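Listed here are the chains, written in short residue letters.
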Amino acid sequence: VGAMMFWRKLSPWRCLGRWVSATGMRASRASSSGCSLDLAGIYPPISTPFNPGGEVDYQKLESNVHKWSQIPFRGLVVQGSNGEFVYLSGKERVEVVRRVRQVLPQDMLLVAGSGCESTEATVTMTQRMADAGTSAVLVITPCYYRGRMNSAAFIHHYTRVADASPVPVVLYSVPGNTALELPVDAIVTLAQHPNIVGLKDSGNDVTRMALIVHKTREQDFQLLAGSAGHLLAAYSIGAVGGVCALANVLGQPLCNLEKLCLTGQWKDAQELQYRLIEPNAAITRKFGIAALKEAMEWFGYYGGPCRTPLLPLTEAERSELRKDFTSNGWL
């Protein structure tokens, strides 16, 4: 694994043959072209820091990035759901990506959220993110007109975006926020596009994730788990990594869990996974981004306020959040 990690650090690009870790639980599928962007590893979907006046605090952002850079992440996801991208202007979204790229080590990937509601806007934002230095883009499903967002619409949308994008595209399904899932049949079709390299699945359905891995195994297509709560399970069915909100504050433990899975130390991995479940739930579905930012302060990062209409935690919520971390030995 040490050699594998060293090889990964040398360059974000490598030719993909079929390779398997010591336990055979992690594999990349070779494409006809034989070359792709290696996504394998752990990523925090980083928060966007705001000052008390509600403006983006770029100095705090750079400070946080410096600290995350000391952890053996594969890279950072910028302007994902935890980045409050829906509350940022287009100019702010691009500037945050540009600032992160300036301070992030070159051997770490930067994956930027470029999704918008319309295809044209997504194509434009994707180009702007590429110009700002992103390694790949993460494209969330359009959802406002969800009644008409079927497989045909998604295939058309993502194909247009991938055709126009100068960087690789990662699909993003997050039904907890969009109230819809990217259908498996659409994913299987899109996996054949040479510029679509993977999927971040935040749907918490490991059976569905396993089916996606199974149906795309002949393609050069990589699955990233969207939650620390089922990271071990995701590795066991063929995911190559995870984009996990909890990595903002417990990055090293999540990288440790990755290593345990890849080296077949399943008992130790299981014990570590158990300790991550409650903290992960607390900063995601239970209390959300305000809880994540609160926890960041406890672990030496700048969290700061959310943009309204998101409100800070109440004292009772803050107390419960802290209990979820302390009862599992993290504080």
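The rules behind each value
- Residues numbered from 1 in each chain as written.
- Predicted model: local features only at pLDDT ≥ 70, side-chain atom pairs only at ≥ 80, totals over all residues.
- Heavy atoms only, no water.
- Core = buried A, V, L, I, M, F, W, Y, C linked by side-chain atoms within 4.5 Å.
- Buried < 20%, exposed > 50% of the residue type's maximum accessible area, 1.4 Å probe, protein only.
- Pairing = 2+ DSSP bridges.
- Helix = DSSP H or I, 4+ residues; strand = E, 2+ residues; numbered from the N terminus.
- Axes fitted to C-alpha atoms, helices over the stretch in contact; angles between N-to-C directions.
- Contact = heavy atoms within 4.5 Å.
- Salt bridge = Lys/Arg side-chain N within 4 Å of Asp/Glu carboxyl O.
- Phe/Tyr/Trp six-rings, centres within 6.5 Å; stacked < 30°, edge-to-face > 60°.
- Lys NZ or Arg CZ within 6 Å of the ring centre and 35° of its normal.

One finds Phe73, Leu76, Val100, Leu246, Leu254 and Phe325 to be the most contacted residues of the largest nonpolar core, which totals 90 residues. Residues Leu37, Tyr43, Leu138 and Val170 belong to the second largest nonpolar core, which totals 18 residues.

Before going further, it helps to spend a moment on the sheet that holds strand 5 (residues 109-113). Pairing is parallel in the open sheet, where eight strands are placed in the order 3-10-9-8-7-6-5-4. In this open sheet, the two edge strands, each paired with only one partner strand, are strand 3 (41-43) and strand 4 (75-78). Averaged over neighbouring strand pairs, the angle between their axes works out to 25° when direction is ignored. With four bridges connecting them, strand 8 (residues 196-201) and strand 9 (residues 222-225) associate as parallel partners. Across the sheet, the residue bridging to Leu199 is Leu223, located in strand 9.

Turning to the environment of Cys306, a few remarks are in order. Tracing the sequence through the fold places Cys306 in the loop between helix 12 (289-298) and helix 13 (315-326). Classification of Cys306 by relative accessible area gives buried; the value is 16%. In contact with Cys306, other than residues within four places in its own chain, are Phe50, Glu84, Ile289, Ala290 and Lys293.

Right, let's get into the pattern of salt bridges. Applying the stated criterion across every chain, the model contains 13 salt bridges. Where Arg208 meets Glu181, a salt bridge forms, and the shortest distance between an N and an O atom there is 3.6 Å. A residue pair is termed long-range when its members are at least 10 positions apart, and Arg208 in helix 8 (residues 206-215) and Glu181 in the loop between helix 6 (175-178) and helix 7 (184-190) qualify at 27 residues. Its relative accessible area of 9% is what places Arg208 among the buried residues. Owing to a relative accessible area of 33%, Glu181 belongs among the partly exposed residues under this scheme. For the salt bridge of Asp324 with Lys286, the shortest nitrogen-to-oxygen distance reads 2.9 Å. With Asp324 in helix 13 and Lys286 in helix 11 (residues 266-286), this pair connects stretches of sequence that are 38 residues apart. Given a relative accessible area of 8%, Asp324 falls into the buried group.

To continue, consider unusual backbone geometry. Residues other than glycine predominantly adopt negative phi, and peptide bonds predominantly adopt the trans conformation. Note that the residue after Thr308, namely Pro309, is joined by a cis bond; omega there is 20°. Mapped onto the elements of the fold, Pro309 is located in the loop between helix 12 and helix 13. Residue Glu84 is not a glycine yet carries a positive backbone phi of 55°. Inspection of the secondary structure assignment puts Glu84 in the loop between strand 4 and helix 3 (90-103). Looking at Glu84, the relative accessible area reads 2%, which means it is buried. A positive phi angle is found at Ala179, which is not glycine, with a value near 65°. Its place among the elements puts Ala179 in the loop between helix 6 and helix 7.

What follows covers the packing of aromatic side chains. Throughout the structure, instances matching the rule amount to four aromatic pairs. Where Trp68 meets Tyr301, the ring centres are 5.4 Å apart and the plane angle is 20°; that geometry is what we call stacked. Taken as a pair, Trp68 in helix 2 (residues 58-68) and Tyr301 in the loop between helix 12 and helix 13 lie far apart in primary sequence, 233 residues in all. Arranged with centres 5.8 Å apart and planes meeting at 50°, the rings of Phe299 and Phe325 form a pair that is tilted. With Phe299 in the loop between helix 12 and helix 13 and Phe325 in helix 13, this pair connects stretches of sequence that are 26 residues apart. According to the relative accessible area criterion, Phe299 is partly exposed, its value standing at 23%. According to the relative accessible area criterion, Phe325 is buried, its value standing at 0%. Taken together, the aromatic side chains of Trp298, Phe299 and Phe325 make up a single cluster linked through ring pairs. The ring of Tyr58 has Arg99 lying over it, and the distance from NZ or CZ to the ring centre is 4.4 Å. The ring of Trp330 has Arg275 sitting right over it, with the charged end atom 3.9 Å from the ring centre.

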